[in-house]
Amino acid sequence: MTVTLHVCITCRAGQTLGEGEVAPGKRLHGAILEAGVPEGVNVVPVECLSACSQGCSVALSAPGRWSYVYGRLSDANAQDVVAGAAAYAAAPDGLVPWRSRPEIFRKQSLARIPPIAVLPEAAE
């Protein structure tokens, strides 16, 4: 199953950007792509994860799994984000054992969201 790594590319990480400067979130996205996307992970740039006061942010999700939002990131964290995404992709329920997570995923989690329950369709 493919998991999705959403990366906020509009994040300014509290910085005022000059004309033509690349947003820190876009730099993080590029660094993640350069680090090498793990098998089973689809990286999707998004315009906002509404974690603006928490620096650059990413979210991991997949159907039937717990979802996570991580913040206070920069392009220097790309390798750890990739390692965390690979561990998430390998966990059947999205629950990666705490000690198996990269440190940034242990200390910089902003939200943990339970899987969305699939309701049976109403009989017609």
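That block above? That's the structure.
We now turn to the structure provided with this report.

Quick notes on the rules
- Residues numbered from 1 in each chain as written.
- Predicted model: local features only at pLDDT ≥ 70, side-chain atom pairs only at ≥ 80, totals over all residues.
- Heavy atoms only, no water.
- Helix = DSSP H or I, 4+ residues; strand = E, 2+ residues; numbered from the N terminus.
- Rg over C-alpha atoms; globule rule 2.2 N^0.38 Å.
- Buried < 20%, exposed > 50% of the residue type's maximum accessible area, 1.4 Å probe, protein only.
- Contact = heavy atoms within 4.5 Å.
- Areas by Shrake-Rupley, 256 points an atom, 1.4 Å probe, with all protein chains shown as cover.
- Lys, Arg positive; Asp, Glu negative; His and termini not counted.
- Charge placed at Lys NZ, Arg CZ, Asp CG, Glu CD.
- Core = buried A, V, L, I, M, F, W, Y, C linked by side-chain atoms within 4.5 Å.
- Salt bridge = Lys/Arg side-chain N within 4 Å of Asp/Glu carboxyl O.
- Expected span 1.5 Å × (residues − 1).
- Arc of directions from axis to C-beta.

### Let's talk about the overall build of the chain
Secondary structure summary: the chain contains three helices and five strands in total. Of the regular secondary structure in the chain, the N- to C-terminal order runs β-α-β-β-β-α-α-β. Compactness check: the chain gives a C-alpha radius of gyration of 15 Å against a globular reference of 14 Å for 124 residues, within 12% of the reference. Every one of the 124 residues in the chain was classed for burial, and the buried ones make up 40%. Summarising the internal contacts of the chain: among those between residues at least 6 apart in sequence, 67% fall at separations of at least 24. Working note: accessible area of the chain is about 7300 Å², and carbon and sulfur atoms make up 52% of it. The distance from the centre of the 10 positive side-chain charges to the centre of the 11 negative ones in the chain is 11 Å.

### Structural notes on the nonpolar core
Buried together is how nonpolar side chains tend to be arranged in soluble globular proteins. In terms of nonpolar packing, the biggest core is built from 27 residues, with Leu5, Ile32, Val58, Leu73 and Val81 touching the most fellow members. Of all the secondary structure elements, the ones that give two or more residues to this core are β1 (3-8), α1 (24-35), β2 (41-46), β3 (56-61), β4 (67-73), α2 (78-90) and α3 (103-107). For Leu73, the contacting residues outside a window of four places in its chain are Leu28, Cys56, Ser57, Val58, Val81, Ile104 and Gln108.

### Quick word on the side chain of His29
Locating His29 in the fold gives a position in helix α1. Judged by its relative accessible area of 13%, His29 falls in the buried class. With residues near it in sequence (within four places) discarded, His29 still touches Val7, Ile9, Val43 and Pro45.

### Observations concerning the environment of Arg112
By secondary structure assignment, the location of Arg112 is in strand β5 (residues 109-113). Along the sequence, Arg112 and Ala35 sit 77 residues apart, while their C-alpha atoms lie 25 Å from each other. When neighbours within four sequence positions are excluded, Arg112 is seen to be in contact with Trp66, Ser67, Tyr68 and Leu95.

### Digging into the pattern of salt bridges
Enumeration over the complete set of coordinates arrives at one salt bridge. Salt-bridge contacts for Lys107 lead to Glu103; the nearest nitrogen and oxygen are separated by 3.1 Å. Of the two residues, Lys107 and Glu103 both sit in helix α3, four residues apart, roughly one turn of that helix.

### Focus on α1
Taking 1.5 Å per residue as the helical rise, α1 with its 12 residues ought to reach 16 Å, and the 16 Å between its terminal C-alpha atoms agrees with that figure. All of the buried residues in α1 are Pro24, Gly25, Leu28, His29, Ala31 and Ile32. For α1, the arc enclosing every buried residue in end-on projection is 165°, short of the 170-degree limit, so these residues lie on one face. Where α1 is buried, its residues meet β1, β2, β3, β4 and α2.

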